[in-house]
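Chain and residue survey
The lines below spell out each chain.
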Amino acid sequence: METSAVLAVSRRPSTFKRPRFAAWALAAMGVLAVVSCSGQSDSHGYNNLKKAEEPKSSPPKVCKGPTRLQKIGAISLGTLAAIKVASALLNKEASSGPVGSLPGQTFVGSGIRSKGPISVYNVKMFIGNRAKSALKAFEGKTLKGNKEFLDVFNKAGFQKTVQIEMLRSVAPSKMVSSFHDAVSTRVARKTFDKISESLDSLLQKSFTPEASKKGSQITFSMTGGASFSISVEGKPKGSIWSPALCEAFTDIYVGPNAVSSGARDSILSGVKTMIA
């Protein structure tokens, strides 16, 4: 029987990172560029002066400046494009960070959980080495959208660990409500009602202001397909015995309605490689 392992990684010191600097520099230049271009004044006065100086045989030149609506549209589109470029670069930087390791487990994939253009957290999944034999029946098969595989994977007793690193600060109450929303839609109502009190207690102890700020690392461990535990920066916060919760939490990251399609695809690709 595998034991629950907690990934304890100290917070990285704040250092100058070229990708992050480049991302925000691009965003700033994009905004300045559209404001500069759209803020040019109408050139009718200049053209009228030129018209007077030119020979009468020369055709008049007309140059209409942008309307107010066009200016607003240019600024909006330019700003949105700059934000998307910056977000993409930051996502690449976060997802390419050090993976780390866990005793008896294999890293299978990672990705970014985003809300629109905003990156909320980076997620990584590790699974116990026993998964190789437990999932051998799916060797060479397509895993994405495979209901039989997902049913076996979500309920499997081998160790599963999900680690997230906050990429922005989030209110603790928002983290609790988001967790509830994601789990409650994947667990039967009667089952959820039975665990709701103990789950609330665990979440309140885990999702503190310190844990929900940018840079914080939170680890969710599922052992034996039934024990669900949380640790923050390597410090255990508690556990709940609930097979349904373990199954639902796994589905959040590998199921058809995963919160991050990029993370799901990366994880399933890693699992396929592992069992090959």
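Presented here is an overview of the structure given in this document. Quick caveat: nothing in here was measured; it's all calculated off a predicted structure. Sequence order as written defines residue numbering, which begins from 1 separately in each chain. Residue-level local features of this predicted model are given only where pLDDT is at least 70; pairs of side-chain atoms are given and counted only at 80 or more, and the full residue set underlies all totals for whole chains, interfaces and linings. Think of the side-chain values as coming from all heavy atoms in the structure, minus any hydrogens and water.

Right, let's talk about the pattern of salt bridges for a bit. Should a side-chain nitrogen of Lys or Arg be within 4 Å of a carboxyl oxygen of Asp or Glu, the pair is scored as a salt bridge. Considering all chains together, one arrives at 7 salt bridges under this definition. In this structure, lysine 213 engages glutamate 210 in a salt bridge whose closest nitrogen and oxygen atoms are separated by 3.2 Å. By relative accessible area, lysine 213 is classed as partly exposed at 31%. Aspartate 265 is the salt-bridge partner of arginine 264, the closest N and O atoms lying 3.3 Å from each other. Each residue's exposure class comes from its accessible area (1.4 Å probe, protein chains only) as a fraction of the maximum for that residue type: buried when under 20%, exposed when over 50%, partly exposed otherwise. By relative accessible area, aspartate 265 is classed as partly exposed at 33%.

Our next topic: the packing of aromatic side chains. When the centres of two rings from Phe, Tyr and Trp lie within 6.5 Å, Trp using its six-membered ring, the rings pair. Their planes under 30 degrees apart give stacked, over 60 give edge-to-face, and anything left gives tilted. Under the criterion given, the structure shown has 13 aromatic pairs. Ring centres of phenylalanine 179 and phenylalanine 249 lie 5.8 Å apart, and the angle between their planes is 25°; this geometry places the pair in the stacked category. With phenylalanine 179 in helix H6 (residues 172-184) and phenylalanine 249 in helix H8 (residues 243-254), this residue pair connects regions lying 70 residues apart in the sequence. Like phenylalanine 249, phenylalanine 179 is buried. Elements are defined by DSSP. Helices are runs of H or I of four residues or more, strands are runs of E of two residues or more, and each kind is numbered from the N terminus.

Each residue after the first adds 1.5 Å to the expected span of a helix. For helix H7 (residues 189-206), spanning 18 residues, the distance from its first C-alpha to its last is 24 Å, which sits close to the expected 26 Å at 1.5 Å a residue. A maximum bend of about 50° is found in H7 at serine 196. Of the positions making up H7, those classed as buried are Phe192, Ile195, Ser196, Leu199, Leu202, Leu203 and Ser206. Should any heavy atoms of two residues lie within 4.5 Å, those residues are counted as being in contact. In this fold, the buried residues of H7 make contact with H6, strand E5 (227-232), strand E6 (235-241) and H8. Bend at a given residue is defined as the angle between two axes, one fitted to the seven residues that end at that position and one fitted to the seven that begin there.

Moving on: the nonpolar core. Counting 52 residues, the largest nonpolar core has Phe179, Phe220, Phe228 and Tyr253 as the members making the most contacts within it. For this core, the leading source of residues is H8, giving 7 residues. Nonpolar cores are built from buried Ala, Val, Leu, Ile, Met, Phe, Trp, Tyr and Cys residues. Side-chain atoms within 4.5 Å join them into one set.

Pairing between the strands of a sheet is mediated by backbone hydrogen bonds and can be parallel or antiparallel. By the convention used here, strands pair only if DSSP detects at least 2 bridges between them. Here we have 6 strands laid out as an open sheet, ordered E1-E2-E3-E4-E5-E6, and antiparallel in their pairing. The sheet is open, and its two edges are formed by strand E1 (105-115) and E6, each paired on a single side. Going from strand to strand, the sheet's axes swing by 15° on average, the running direction of each strand aside. Both strand E4 (residues 217-223) and E5 contribute to a ladder of 6 bridges, which runs antiparallel. The residue bridging serine 221 from the neighbouring strand is serine 229, located in E5. Axis geometry follows a simple rule: fit a line to the C-alpha atoms, using only the stretch in contact for helices, then measure angles between N-to-C directions, giving values from 0 to 180 degrees.

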